[in-house]
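Examination of the molecular architecture
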2 protein chains.
Amino acid sequence: MIDKLITKMQEMNNPTVVGLDPRLNFVPDYIRTASYEKYGKTLEGVADALVNFNKEIIDNIYDLVPAVKPQIAMYEQYGVQGLSAYLETINYAREKGLIVIGDIKRSDIASTAQAYSDGHIGRVKIEDEEIEIYKEDFITLNPYLGYDSIEPYIGNCNTYDRGLFVLVKTSNPNSGEIQDLITGGDKIYERVGSLVAKWGEQSMGKLGYSRVGAVVGATYPEQSKKLRKIMPKTFFLVPGYGAQGATAEDLAGCFNSDGLGAIVNSSRGIIAAYTKEEYKIKFKPEEFGKASREAVINMRDDLNRVR
Amino acid sequence: MIDKLITKMQEMNNPTVVGLDPRLNFVPDYIRTASYEKYGKTLEGVADALVNFNKEIIDNIYDLVPAVKPQIAMYEQYGVQGLSAYLETINYAREKGLIVIGDIKRSDIASTAQAYSDGHIGRVKIEDEEIEIYKEDFITLNPYLGYDSIEPYIGNCNTYDRGLFVLVKTSNPNSGEIQDLITGGDKIYERVGSLVAKWGEQSMGKLGYSRVGAVVGATYPEQSKKLRKIMPKTFFLVPGYGAQGATAEDLAGCFNSDGLGAIVNSSRGIIAAYTKEEYKIKFKPEEFGKASREAVINMRDDLNRVR
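Residues numbered from 1 in each chain as written. Chains lettered and ligands numbered in written order. Predicted model: local features only at pLDDT ≥ 70, side-chain atom pairs only at ≥ 80, totals over all residues.

A short note on the overall build of chain A
Helix and strand content of chain A: 14 helices and 12 strands. Taken against the 2.2 N^0.38 rule, which gives 19 Å for 307 residues, the C-alpha radius of gyration of chain A at 19 Å falls within 12% of a compact globule. Structurally, chain A occupies a C-alpha span of about 60 × 55 × 35 Å along its principal axes. A total of 307 residues make up chain A; the buried ones form 59% of that total. At a minimum sequence separation of 6, the contacts of chain A that also span at least 24 residues come to 72%. (Helix = DSSP H or I, 4+ residues; strand = E, 2+ residues; numbered from the N terminus. Rg over C-alpha atoms; globule rule 2.2 N^0.38 Å. Buried ≥ 20, exposed ≤ 12 C-beta atoms within 10 Å, placed from the backbone. Contact = placed C-beta atoms within 7 Å.)

Quick look at the structure:
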């Protein structure tokens, strides 16, 4: 799957992933109203609105970007109906040929990690039958518990050709509180970077990168440059561009000299583009999908300047 | 809620929490068969079997233990139907007066953490209406992203009197890989312990403990003794007893001199007691609930020896 991601990135000449993190206040009035008319102001109504919103975005960007990254929290918060919207979004994205990165950031001991792994990127067993549930192509994970909490995912990655992005240096303001502590001359995130590189050694794709990738925030350019050197064969999922404040220049260091090695996420900057002044003057709320498409093109061109 | 947990612990003279982490192979044949007859060998069938299994356990232990801890992974792996079983389990446990600790170990940046927080321990908004979704009393969290990833939960804890257990030193074999690294003379888990204690200072209950607790594995007795000193007002959720190998003696250091300060989890050791030699000779599979009850009593007495 890491090979497919790289190939699609090259074919489309675009290292962008669109974060499908819809919030109700991003969803135009006309979509919400239609869903509430159908289901009432209920969880079903919210789920319907989120799915319709996502489908319109996907229709407008699937030919431009290799992947989408739904953030499960935005769905999980609405319970069963929300999770159903998450699954429907994944299915629709896959139908359109998009690679799906499930942003789940799970962390647990081995026996529990196995359950998450089987559900998200493997198969669950019902007696003698095996079923695929979530069907993400990649998922994100948190490394705090160490290797035995990651290993159950690596098994399914290798069996079913799926991939991981393990948190190394996150994009948020307080990420340094633990990640930047110094140990034996290194920062913790550097040590975690080395571990993630090691964990990925037995999961190499054919194009030079491992199925075990890393999350490296664009908001810390010096740190990402260092990590690029520590983990040359690890693909980076890079959040923080746009709404979180990072520019294309900030993330130049995330790419290798081959222009590969990183895929850059933007969520609000793309899916809520129609609410921003720049696009508002050109697109009506009904045209929010077109605004997202233009935002994707602008982001692609911006990123391609620096890699 | 931390006060309610302490009060129930004292009334029942029992620092045990029962982990509701059912796996299909723990569920006796007769329950699975009945569910499959009703729903087929489907996700609905699995969900029905898990709920019926949990209800029988709860019926047999609710008057003996203050709390249960469903592990969301065991449900989430089965998708929408699984999550529905998770919610039904929580509702049933609450009806029986049990405190519910949702073992979700989430971690994400602030805006995303807010969504998890609102869904799990707060309220989600549908336009002008507020709805409670998961209704856990406590949840577990991962600290790797730092304070701004925890803060959105603390808000809801204080508003709705809920609680947190943040991972500090986990019970699994590789937990030391990151958590035991040394920084400025301290281990990382000690530094995280200090942070968690600080994060909880503004969320004190009336009985001397904070709403912001910590997960401290029983499998590392020396480390937990140290942490008890670093964070005297922090309540510990202690996994690792029984199936993971820790004994009552190992976790003596988790308690304060008042006999409080820790609640000890056992999952398989209780819910799958009927499969163990010790109970098998006394209880038929149909009596698995009674076996769990006896296992709870034995665990209570074992723990009370050391605190």
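Still more ground to cover, so stick around.
Concerning the sheet that holds strand β12 (residues 262–266) of chain B
Residue and element names in this part refer to chain B. The sheet built from eight strands closes into a barrel, its strands ordered β1-β2-β3-β6-β7-β10-β11-β12 with parallel pairing. Taken over all neighbouring pairs, the strand axes of this sheet differ in orientation by 30° on average, direction set aside. Pairing of strand β11 (residues 236–238) with β12 involves three bridges; the strand directions are parallel. Within β12, the position partnered with Leu237 by the bridge is Ile263. (Pairing = 2+ DSSP bridges. Axes fitted to C-alpha atoms, helices over the stretch in contact; angles between N-to-C directions.)

Structural notes on the relation of the copies chain A and chain B
Aligned on chain B, chain A shows an RMSD of 0.0 Å; the corresponding rotation is 180° and the shift along the axis is 0.0 Å. The two molecules are tied by a two-fold rotation axis, judged by turn and shift. Residue Thr183(A), judged by its C-alpha, is the member of chain A lying nearest the rotation axis, at 2.4 Å. Comparing interface residues between copies, 100% of those in chain A also lie at the interface in chain B; the contact surface is shared. (Least-squares fit on C-alpha atoms with pLDDT ≥ 70 in both.)

Looking at helix α1 (residues 2–12) of chain B
Residues and elements named next belong to chain B. Buried within α1 we find Ile2, Leu5, Ile6 and Met9. The arc that holds every buried residue of α1, seen down its axis, measures 95°, which confines them to one face. Facing away from the buried side of α1 by over 90 degrees, the exposed positions are Thr7 and Glu11. (Arc of directions from axis to C-beta.)

Structural notes on the pairing of strand β1 (residues 16–20) of chain A
All names here are of chain A. Extensive coverage of β1 is indicated by the burial of five of its five residues. Side chains of β1 alternate between two faces, with Thr16, Val18 and Leu20 and Val17 and Gly19 buried alike. Where β1 meets strand β12 (residues 262–266), three bridges bridge the pair, whose relative direction is parallel. Within the sheet, the bridge partner assigned to Val18 lies in β12 and is Ser266.

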